[in-house]
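# Observations on chain architecture
Here is how the chains run, residue by residue.
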Amino acid sequence: AKAAGRNTLAFFDPEMQVRLQARARLEADLRQALPKGELRLYYQPQVDERGVVIGVEALVRWQHPVRGQVSPGEFIPLAEENRLIVAIGHWVLETACRQLAAWAADPARSALSLSVNVSPRQFREPDFVDRVLETLEATGAPASRLKLEVTESLLLEARDEARSRMLELRARGVGFALDDFGTGYSSLAYLKRLPLDQLKIDQSFVRDLLEDEASEAIVASTIALAQSLKLEVVAEGVETEAQRAWLLAHGCRAFQGYLFGRPVAVEALELDA
Ligand code: C2E
Ligand code: CA
Ligand code: CA
Ligand code: CA
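Here's a quick rundown of the structure. (Residues numbered from 1 in each chain as written. Chains lettered and ligands numbered in written order. Predicted model: local features only at pLDDT ≥ 70, side-chain atom pairs only at ≥ 80, totals over all residues. Heavy atoms only, no water.)

## Regarding the pairing of strand E7 (residues 198–201)
Burial of E7 is two-sided: the residues Gln198 and Lys200 facing one way and the residues Leu199 and Ile201 facing the other way are all buried. Note that strand E6 (residues 175–181) and E7 share three bridges and pair parallel. Pairing of leucine 178 across the sheet is with leucine 199, part of E7. With four bridges joining them, E7 and strand E8 (residues 232–235) adopt parallel strand pairing. Residue pairing in the sheet places glutamine 198 in a bridge with glutamate 232 of E8. (Buried < 20%, exposed > 50% of the residue type's maximum accessible area, 1.4 Å probe, protein only. Helix = DSSP H or I, 4+ residues; strand = E, 2+ residues; numbered from the N terminus. Pairing = 2+ DSSP bridges.)

What follows is the structure, given as structure tokens:
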């Protein structure tokens, strides 16, 4: 069976082989990205109904020396598979918290909250809670301004463990947002069980507003659900004034999307209305 297995390599789909090689190369490069300083943190504003910036989401970027900017949609899943996400996640958290500490020290910025994406693998690391608390302490960032964005998949996998970790961090003031709401295997039961502060309506639903009645129904009921559970709700991927107006009319009070600002380097971030 082993010999046959080896022989099949000769009949390997050449296209697939090219793709696997490209992936292996990308993975090797990604291993070097952190020590070589190729990662950057970008920031995208979140605004209230008046357009005032109330928060910022940190989004990682990889400036590849040859390929240019590689999308996190491409390298984060890769990093998840090989555990590089843990080191990348630490770097993101530390960089974000340093920025948050700088904002907190500036009276004009001190109310800003900073949202950081946490991948399931990173969250499951045994020392995750300690890492977050140590990072807050080392950087001087206020815990009450830090929001960790988690996804439904994480909550399904290790529910009790996830819950106790969230409770531990929450007790220190750290907030939690449920990212990409509606795209996972939603069980509404965990919304009640988990210490969440915010629901983020996935951009796939926002994109189809005013075009697709099903998306409108999902978004409207998500907003209503969030309100009745006393959770903040943020609509992601808001690109048009028509989408914003629709969301506002249905009770959404916080928005994120290209209409208000793309993710940019901190120097380019416009925080004043
Ligand atoms: P996400 O957390 O759902 O982030 C929102 C994504 O939507 C970002 O893509 C953002 O640039 C994009 N976006 C924002 N506004 C608009 C809009 O109006 N229209 C459209 N079409 N897109 C918009 P990005 O930066 O490419 O990140 C993709 C995903 O990669 C993120 O999705 C998140 O899951 C992951 N990611 C990014 N940074 C990190 C990180 O530091 N750690 C982890 N674990 N994951 C990250
Ligand atoms: Ca996010
Ligand atoms: Ca999202
Ligand atoms: Ca997403």
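## Topic: the site of ligand 1
Around ligand 1 lies a shell of 20 residues, among which Gln44, Arg61, Gln203, Glu239 and Tyr258 are the nearest. Between ligand 1 and the protein, one listed contact pairs an oxygen atom with a side-chain N or O atom of glutamate 57 at 3.3 Å. At 2.5 Å, a side-chain N or O of glutamate 239 approaches a nitrogen atom of ligand 1. With the chains in place, 81% of the 790 Å² that ligand 1 exposes on its own is no longer accessible. Broken down by secondary-structure element, the contributors of at least two residues to the shell around ligand 1 are strand E2 (53–64), helix H3 (72–82) and E6. Looking at the shell around ligand 1 residue by residue, the class counts come to eight nonpolar, six polar and six charged. (Near = heavy atom within 4 Å. Polar contact = N/O pair within 3.5 Å; in protein donor to acceptor, adjacent residues only side chain to side chain. Areas by Shrake-Rupley, 256 points an atom, 1.4 Å probe, with all protein chains shown as cover. Nonpolar A, V, L, I, M, F, W, Y, C, P; charged D, E, K, R; others polar.)

## Things to note about the coordination of the calcium ion (ligand 3)
The calcium ion (ligand 3) binds to the protein through Asp179 (OD), Asp180 (OD), Glu236 (OE) and Glu236 (OE); the donor distances cover 2.2 to 2.5 Å. Motif for the calcium ion (ligand 3), donor spacing along one chain: D-D-x55-E. In this structure, the calcium ion (ligand 3) lies 3.9 Å away from the calcium ion (ligand 2), the two metals sharing aspartate 179 as a donor. Classification of aspartate 179 by relative accessible area gives buried; the value is 8%. (Donors = N, O, S within 2.8 Å, 3.2 Å for Na, K, Ca; no water.)

## Concerning helix H4 (residues 84–104)
In this model H4 runs 30 Å from its N-terminal to its C-terminal C-alpha over 21 residues, within 8% of the 30 Å that 1.5 Å per residue would give. Most of H4 sits inside the fold, with 15 of its 21 residues counted as buried. (Expected span 1.5 Å × (residues − 1).)

## Regarding the coordination of the calcium ion (ligand 2)
Protein coordination of the calcium ion (ligand 2) is provided by Glu57 (OE), Asn117 (OD1), Glu149 (OE) and Asp179 (OD), with donor distances spanning 2.1 to 2.3 Å. Read in sequence order, the donor residues for the calcium ion (ligand 2) give the motif E-x59-N-x31-E-x29-D. Relative accessible area serves as the criterion here: at 3%, glutamate 57 is assigned to the buried category.

## Re the pattern of salt bridges
Counting across every chain of the model gives 16 salt bridges. Lysine 200 is the salt-bridge partner of glutamate 57, the closest N and O atoms lying 2.9 Å from each other. Linking glutamate 57 in strand E2 with lysine 200 in strand E7, this pair joins segments that are 143 residues apart in sequence. The two residues glutamate 57 and lysine 200 agree in class, both being buried. Glutamate 236 serves as the salt-bridge partner of lysine 200, at 3.5 Å between the closest nitrogen and oxygen. Taken together, the residues span a long stretch of sequence, with lysine 200 in strand E7 and glutamate 236 in the loop between E8 and helix H12 (241–249) at a distance of 36 residues. Here lysine 200 matches glutamate 236 in class, with each residue buried. When salt bridges that share partners are traced, they join Glu57, Glu149, Lys200 and Glu236 into one network. (Salt bridge = Lys/Arg side-chain N within 4 Å of Asp/Glu carboxyl O.)

## A closer look at the packing of H3 against H4
One way to put it is that H3 packs onto H4 with a least axis distance of 5 Å and a crossing angle of 120°. The pairing of H3 with H4 is recorded here as oblique in orientation. Touching Ile76, Ala79, Glu80 and Asn82 of H3 are Leu84, Ile85 and Ile88, all from H4. Taken together, the residues of the contact of H3 with H4 sort by class into five nonpolar, one polar and one charged. (Axes fitted to C-alpha atoms, helices over the stretch in contact; angles between N-to-C directions. Parallel < 35°, antiparallel > 145°, perpendicular 65-115°, else oblique. Contact = heavy atoms within 4.5 Å.)

## Considerations on a negative patch on the surface
Side chains of Asp130, Glu134, Glu137 and Glu168 sit close together on the surface and give a patch of like negative charge. Residue placement: aspartate 130 occurs in helix H6 (residues 128–139). (Patch = residues over 30% accessible without salt bridge, like charges linked within 9 Å, V, L, I, M, F, W, Y side chains within 5 Å. Lys, Arg positive; Asp, Glu negative; His and termini not counted. Charge placed at Lys NZ, Arg CZ, Asp CG, Glu CD.)

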